[in-house]
Amino acid sequence: MATYRPKLHFTAKKGWINDPNGLVYRDGWYHLFYQHHPRSTLWGPMHWGHAISRDLLRWRHLPVALKPNDQGMAFSGSAVVDVGNTSHLGSGRDPMVLCYTQHGSVEQQGLYWSSDGIFFRPYPGNPILENPGIPDFRDPKVFRVEGETLWRMALAAGDRICFYQSENLRGWEKTGEILRPGTVPSGVLECPDVFPLMAPDGKACWILLCSISMAPAQGGSRTLYLIGDFSEGQFVADPQLQASIWLDEGADCYAGVTYNQAPSGRRIMMAWQSNWAYADKTPTGPYRGTMCVPRELRLARAKGRLVLAQRPIEELKRFRGPFITFDTLPERERAVALPGECFEITLNSDTPYACRFENDSGDCLAVGLDEDGQYYVDRSRAGQVAFSPHFYPRLVCKRLTEDEELTMRLIFDTQTVEAFFDGGRQVMSAQVFPKTPFTRVRFTGAAQGTVYQLKG
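The structure presented is a predicted model; accordingly, all values stated were derived computationally and were not measured. (Residues numbered from 1 in each chain as written. Predicted model: local features only at pLDDT ≥ 70, side-chain atom pairs only at ≥ 80, totals over all residues. Heavy atoms only, no water.)

Chemist: I'm lost on the overall build of the protein in this one. Help?
Modeler: Within the protein, the secondary structure is distributed over zero helices and 34 strands. The C-alpha radius of gyration of the protein comes to 22 Å, within 12% of the 23 Å expected for a compact globule of 456 residues. If you line up the protein on its principal axes, its C-alpha atoms span 70 × 50 × 40 Å. By residue count, 61% of the 456 residues in the protein fall in the buried class. Counted over contacts in the protein with a minimum sequence separation of 6, partners at least 24 positions apart contribute 60%. Of the roughly 17,400 Å² that the protein leaves accessible, carbon and sulfur atoms contribute 49%. Side-chain charges of the protein comprise 49 positive and 50 negative groups, with the mean position of each set lying 5 Å from the other. (Helix = DSSP H or I, 4+ residues; strand = E, 2+ residues; numbered from the N terminus. Rg over C-alpha atoms; globule rule 2.2 N^0.38 Å. Buried < 20%, exposed > 50% of the residue type's maximum accessible area, 1.4 Å probe, protein only. Contact = heavy atoms within 4.5 Å. Areas by Shrake-Rupley, 256 points an atom, 1.4 Å probe, with all protein chains shown as cover. Lys, Arg positive; Asp, Glu negative; His and termini not counted. Charge placed at Lys NZ, Arg CZ, Asp CG, Glu CD.)

Next comes the structure, spelled out in structure tokens:
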């Protein structure tokens, strides 16, 4: 318990991690690259760590893909399989191409490539996109629009997201930009992503994800999204949906980006489950940093408007083990023994409810819906909290829907809690550090549901 290492959430073997990078699928394998300092549990010279998985939950660690060089540290970016070898870098097989930020005296974009997807070599013509004279110019997300031969790029540039296009991944020209929404507090934009999703009525829409690093008093680091259209290399927010919305109403979900070239049209997102306000203070072991459980994204409606809904990937259900159903328990016995440190709860209710996770050390983590219509995750008494004054104790968000049944799906894994409310229309992710493992959950309200063991 001393290290708090999760069982089903990705962590490095040792060292520091933050943003997921280069999410790409090829030949049955999901590749995860990530910001990594292999020699310390503190942020430092950024490398790209690398792991692969068949199911996004059990990972095989591979050699570090990118290291700092004379052009700077290897900051965030993306990966694509260059179908058709448009870059002319491959020989006999379409290469895997990494586009990333070279963080040196200035930030500029570089390219590495590989024929085997394991060992990468630099493009001799780096940088592929030079800095235009601004301090923040980073995190290229490269993708293709279905039906196009051009490559597209979204890039964070201080207070805006810029868009570029290329025929060969090596030379880029600007096509547009979008300013940070006026409803968002000031801060540096990071880690953009642009992708299509179908609305419930069949309308094709585009989503812009964008992370923003703010002062601790404003929430630290958060990720927002806009819904709109993307055509001819420019994203335009829907004027009826132009207000930005936080992707996750908890404290610990940042730098979320989605997989390129995933099978069956799946839109799968991974994110860093921490917050820059206290990420270097969390009391973990030989590693520091965790990824959220991979999530599938879709569009849904709430109060007549479109929202981005999230749910844990379907593969997670394969890890369900023994379970107990608590809808038949008498009110006086609504305390259920937890099946270890990795479990899932599904719940529905007609009224406000609470789940209180307890242990013999006196810790309590509370999750639920209060009488004011607010979802909450209260970690003020959930164990170790004094390691940072910015470890936000109680997280709340106003419910988006009113006329639907209350539902919750909660994933808990050793020190991570992710609660998906109302079909994933709202999500709250948080880290917790109980002094000893939680052993029971106590339900109040008229909730019905199931507690599953998750076998890591």
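Chemist: Is there a simple way to explain the sheet that holds strand β9 (residues 138-143) in this structure?
Modeler: Sheet strands pair by backbone hydrogen bonding; their relative direction is either parallel or antiparallel. Ordered in space as β9-β10-β11-β12, the four strands form an open sheet in which the pairing is antiparallel. One side of each edge strand has no neighbouring strand; the edge strands of this open sheet are β9 and β12 (173-179). Direction aside, neighbouring strands of the sheet carry axes that sit 20° apart on average. (Pairing = 2+ DSSP bridges. Axes fitted to C-alpha atoms, helices over the stretch in contact; angles between N-to-C directions.)

Chemist: Teacher, can you tell me more about the side chain of R267 here?
Modeler: As for its position among the elements, R267 is in the loop between β18 (254-258) and β19 (268-272). No salt bridge is formed by the buried R267; its nearest oppositely charged neighbour, D193, is found at 5.1 Å. Of note is the side chain of R267, whose polar atom sits 3.4 Å from the backbone oxygen of Y259. Among all residues touching R267, those that are not within four sequence positions of it are F195, P196, L197, T258, Y259, R295, E296 and L297. (Salt bridge = Lys/Arg side-chain N within 4 Å of Asp/Glu carboxyl O. Polar contact = N/O pair within 3.5 Å; in protein donor to acceptor, adjacent residues only side chain to side chain.)

Chemist: How do you make sense of the pairing of β12 when you look at a structure like this?
Modeler: Bridge analysis of strand β11 (residues 160-166) against β12 gives six bridges, and the strand direction is antiparallel. Each bridged residue has a counterpart across the sheet, and for Y164 the counterpart in β12 is K174. As consecutive antiparallel partners, β11 and β12 are separated by six residues, and within that stretch L169 has a phi angle of approximately 70°, a positive value.

Chemist: Could you clarify how one ought to interpret the sheet that holds strand β23 (residues 320-325) in this entry?
Modeler: One open sheet holds the six strands; their spatial order is β23-β34-β25-β30-β31-β32, and the pairing between them is antiparallel. Both edges of this open sheet fall to β23 and β32 (426-431), since each of them pairs with a single strand only. On average, each strand axis in the sheet is tilted by 15° relative to the strand beside it, whichever way the strands run. The pairing of strand β31 (residues 416-421) with β32 spans six bridges and is antiparallel. Paired with F420 across the bridge in β32 is V427.

Chemist: Explanation requested: the state of the cysteines in the structure shown.
Modeler: Between two cysteines, a covalent bond joining their sulfur atoms is known as a disulfide. For the structure shown, the criterion picks out zero disulfides. Free of any disulfide, C292 has its nearest cysteine sulfur in C253, 4.1 Å distant. The class of C292 is buried, set by a relative accessible area of 2%. Here C397 is not disulfide-linked; the sulfur of C253 is the nearest cysteine sulfur, at 13 Å. (Disulfide = S-S within 2.5 Å.)

Chemist: Looking at this structure, how should I read unusual backbone geometry?
Modeler: Keep in mind that most residues, glycine aside, have a negative phi and that most peptide bonds are trans. The step from N126 to P127 runs through a cis peptide bond, and the omega angle for that step is 5°. Within the secondary structure, P127 sits in the loop between β8 (121-122) and β9. Phi angles above zero are rare outside glycine, and L169 is one such case at about 70°. If you trace the backbone, L169 turns up in the loop between β11 and β12. Of the residues examined, L169 reaches a relative accessible area of 0% and is grouped as buried. With phi around 65°, T414 is a residue other than glycine that occupies positive phi space. Its location among the elements puts T414 in the loop between β30 (406-413) and β31. The class of T414 is buried, set by a relative accessible area of 4%.

Chemist: When you look at the environment of G15 in this model, what are you seeing that I'm missing?
Modeler: With respect to the element layout, G15 can be found in strand β1 (residues 15-26). Residue classification places G15 among the buried residues on the basis of a relative accessible area of 4%. Sequence separation between G15 and H37 is 22 residues, and the spatial gap between their C-alpha atoms is 5.7 Å. In this structure, G15 is in contact with H36, H37, P38, S40, T41, P286, Y287 and R288, ignoring residues within four places of it in sequence.

Chemist: Explain the nonpolar core to me, please; I cannot follow it from the model alone.
Modeler: Considering soluble globular proteins, one finds that nonpolar side chains tend to be buried as a cluster. Core analysis: the largest hydrophobic core is formed by 41 residues, its most contacted members being I345, F357, L365 and L410. In terms of residue count, the dominant contributor to this core is β30 (four residues). In this structure L365 touches C355, R356, F357, V377, D378, R379, A382, F412, V417, V432 and F438, once residues within four positions along its chain are discounted. A12, Y259, M291 and L316 belong to the second largest nonpolar core, which has 27 residues in total. (Core = buried A, V, L, I, M, F, W, Y, C linked by side-chain atoms within 4.5 Å.)

Chemist: Mind showing me how you'd approach the pattern of salt bridges here?
Modeler: A side chain of one charge can pair with a side chain of the opposite charge when the charged atoms of the two come close. In total, this model carries 29 salt bridges according to the counting rule given. Taken together, the shared-partner salt bridges connect E107, D136, R138 and E190 into one network.

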